[in-house]
Amino acid sequence: MLKPVKFKVHHGGAREEGLLDFSASLNPYLPEWIDEMFERAKTLSKHYLYWEKLEEELSNLIGGSITVTAGITEALYLVGILAMREGKKAIIPMHTYGEYERVARIFNASIVRGPNDPEKLAGLVERESIVFFCNPNNPDGKFYPPRELKPLLDAVEDTDSLFVLDEAFIDFVREAKSPEGENLVKLRTFTKSYGVPGIRVGYVIGFSEAFRSVRMPWSIGSLGYAFLEFVIKDGFSHLKKTMPLIWKEKERIEKALNVKSDANFFIKNVGDAKRAVEFFKKRGIAVRDCSSFGLPEYVRFSVRRREENERLIEAFLRNSGGI
């Protein structure tokens, strides 16, 4: 009676243990309080948890009303519940995070593909569209400051549309600024910038009353609750301490491999991504095949610690002829 929905979209990343993982774009430095947080989660796991107080404290820390969600993924599905219906136009850039298309298809939206450029994408916006945009973009790491996003923001407001801005990697962008707008929803996550993707915690900026009305009860669980407690107590000091370390290594990789990005990851043309993935795997390294982004000639790799980055650079430079 119930049939599975088939998607071309799939999530990449290493699925094998024992590889040095450059395929996931995470902060390689874990918080000092991580073990204490897990102990706290054990205690909390005996209770149903309500995080309204934590949500208020986090709102105060960030400087605006937010809605806590189980990562950006839950937030995207809440956008579907609140804003999508059959035939509604979902505008999605060509080479970007695949979950936008997945959500749009689940909610029977009409998908329109456009260039990965805010000004050109603005020309596709019609009345009551939903525009998805990743900034910095995944997989290429390109970041657009508010002035470059303005044409798209203006088009959204002129047509009473909704702009869903995915800022999953904004913490990794040096001196990043985020735009403001009435028809704007911003999605953010902690789990990449704190290096813990298995802990599903993120938040939405904008339309908090609407998002809180449809989110799943208890979705972040005891581990997410404990994580939020420590993030609030930490006051983002972990990010202030570790981001300069990542930026320093990022610059070194850029010079060594002739790549460029505004985020903590890069893409590089290797001719055949599938073959390159196997090439690196034999050397104990996992990189991301970008075929699912529509870029079968590219691999994506992140910035890790210095000694780990050395292994990746050496593999590229000494063995590039074998990829």
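Residues numbered from 1 in each chain as written. Predicted model: local features only at pLDDT ≥ 70, side-chain atom pairs only at ≥ 80, totals over all residues. Heavy atoms only, no water.

Of all the positions in helix α10 (residues 273-281), only A273, A276, V277, F279 and F280 are classed as buried. Axial view of α10: buried residues confined to an arc of 160°, hence all on one face. Capping the start of α10 is the job of one residue whose side-chain oxygen sits 3.2 Å from the backbone nitrogen of K274: D272. (Buried < 20%, exposed > 50% of the residue type's maximum accessible area, 1.4 Å probe, protein only. Helix = DSSP H or I, 4+ residues; strand = E, 2+ residues; numbered from the N terminus. Arc of directions from axis to C-beta. Polar contact = N/O pair within 3.5 Å; in protein donor to acceptor, adjacent residues only side chain to side chain.)

Right, let's get into the layout of surface pockets. For the second largest pocket, the calculated volume is near 420 Å³. Together, 17 residues line the second largest pocket, and I170, D171, R188, F236 and L239 are the ones closest to its centre. Elements represented by at least two residues in the lining of the second largest pocket include exactly β7 (184-189) and α9 (237-257). For the lining of the second largest pocket, the leading source of residues is α9, giving 4 residues. Residue classes in the lining of the second largest pocket are distributed as 10 nonpolar, 2 polar and 5 charged. (1 Å grid on protein atoms, 1.4 Å probe; cavity = no way out; pocket = protein on both sides within 12 Å on 5 of 7 lines; lining within 4 Å. Points joined across faces, edges and corners; volume = space filled by probe spheres on them. Nonpolar A, V, L, I, M, F, W, Y, C, P; charged D, E, K, R; others polar.)

With that settled, the discussion passes to the pairing of strand β5 (residues 130-134). The element β5 is largely enclosed, with a buried count of 5 among its 5 residues. Of the two faces of β5, both are covered, the one formed by I130, F132 and C134 as well as the one formed by V131 and F133. Examined bridge by bridge, strand β3 (residues 89-93) and β5 share 2 bridges and lie parallel to one another. Considered in β5, the bridge of A90 is made with I130. Remark: the β5/helix α6 (residues 146-158)/strand β6 (residues 162-166) crossover connection has right-handed handedness. (Pairing = 2+ DSSP bridges. Right-handed = clockwise from strand over helix to strand, strands pointing away.)

Across all of its chains, the model carries 20 aromatic pairs by this definition. Ring geometry for W33 against F227: centres 6.0 Å apart, planes inclined by 55°, an arrangement best described as tilted. Remark: F227 occurs in helix α8 (residues 221-234) and W33 occurs in the loop between β1 (20-21) and α1 (34-44); sequence separation between them is 194 residues. Here a set of aromatic residues connected by ring pairs shows up, and it is made of W33, F190, Y194, Y203, F227, F230 and F236. The positively charged end of K142 is found above the aromatic ring belonging to Y144, 5.1 Å away from the centroid. The ring of F279 carries the charged tip of R283 above its face, separated from the ring centre by 3.8 Å. (Phe/Tyr/Trp six-rings, centres within 6.5 Å; stacked < 30°, edge-to-face > 60°. Lys NZ or Arg CZ within 6 Å of the ring centre and 35° of its normal.)

In this structure the tally under the stated criterion is 23 salt bridges. Across the pair R306 and E249 runs a salt bridge whose closest N-O atoms are separated by 3.4 Å. Pair noted here: R306 is in helix α11 (residues 306-319) and E249 is in helix α9, with a separation of 57 residues, a long-range link. Assessed through its relative accessible area of 44%, R306 is described here as partly exposed. For E310, the salt bridge identified is with R252, shortest N-O distance 2.5 Å. With E310 in helix α11 and R252 in helix α9, this residue pair connects regions lying 58 residues apart in the sequence. Residue classification places E310 among the partly exposed residues on the basis of a relative accessible area of 35%. Each of E249, R252, R306 and E310 takes part in one network of salt bridges that share partners. (Salt bridge = Lys/Arg side-chain N within 4 Å of Asp/Glu carboxyl O.)

What follows concerns a nonpolar patch on the surface. A surface patch of nonpolar side chains, amounting to about 420 Å² of accessible area, comprises Y48, Y50 and W218. Positionally, Y50 belongs in the loop between α1 and α2 (52-62). (Patch = residues over 30% accessible without salt bridge, like charges linked within 9 Å, V, L, I, M, F, W, Y side chains within 5 Å. Areas by Shrake-Rupley, 256 points an atom, 1.4 Å probe, with all protein chains shown as cover.)

This brings us to the pairing of strand β8 (residues 202-205). With burial as the criterion, each face of β8 is covered, one bearing G202 and V204 and the other bearing Y203 and I205. Pairing analysis gives 4 bridges linking strand β2 (residues 66-69) to β8, with the strands arranged antiparallel. Among the inter-strand pairings, T67 is bridged to a residue of β8, identified as V204. Of the pairings in the sheet, the one linking β7 to β8 comprises 4 bridges and is antiparallel in character. For T189, the partnering residue across the bridge sits in β8 and is G202.

Right, let's get into helix α3 (residues 71-83). Along an α-helix, a turn takes 3.6 residues, which lines up residues three or four apart on a common side. With 13 residues, α3 extends 19 Å between its outermost C-alpha atoms, agreeing within 8% with the 18 Å of an ideal straight helix rising 1.5 Å per residue. Of all the residues in α3, the buried ones are G71, I72, E74, A75, L76, L78, V79, G80 and A83. (Expected span 1.5 Å × (residues − 1).)

Attention shifts here to the sheet that holds β7. Spatial ordering of the open sheet is given by β2-β8-β7-β6-β5-β3-β4, a layout of 7 strands whose pairing is mixed. The open sheet has two edge strands, β2 and β4 (110-114), and neither has a second partner. Within this sheet the neighbouring strands show an average axis-to-axis angle of 20°, counted without direction. Running at roughly 145° to β6, α6 makes contact with β5, β6 and β7 of the sheet. (Axes fitted to C-alpha atoms, helices over the stretch in contact; angles between N-to-C directions. Contact = heavy atoms within 4.5 Å.)

Read these as layout, nothing more, since geometry by itself doesn't imply function.
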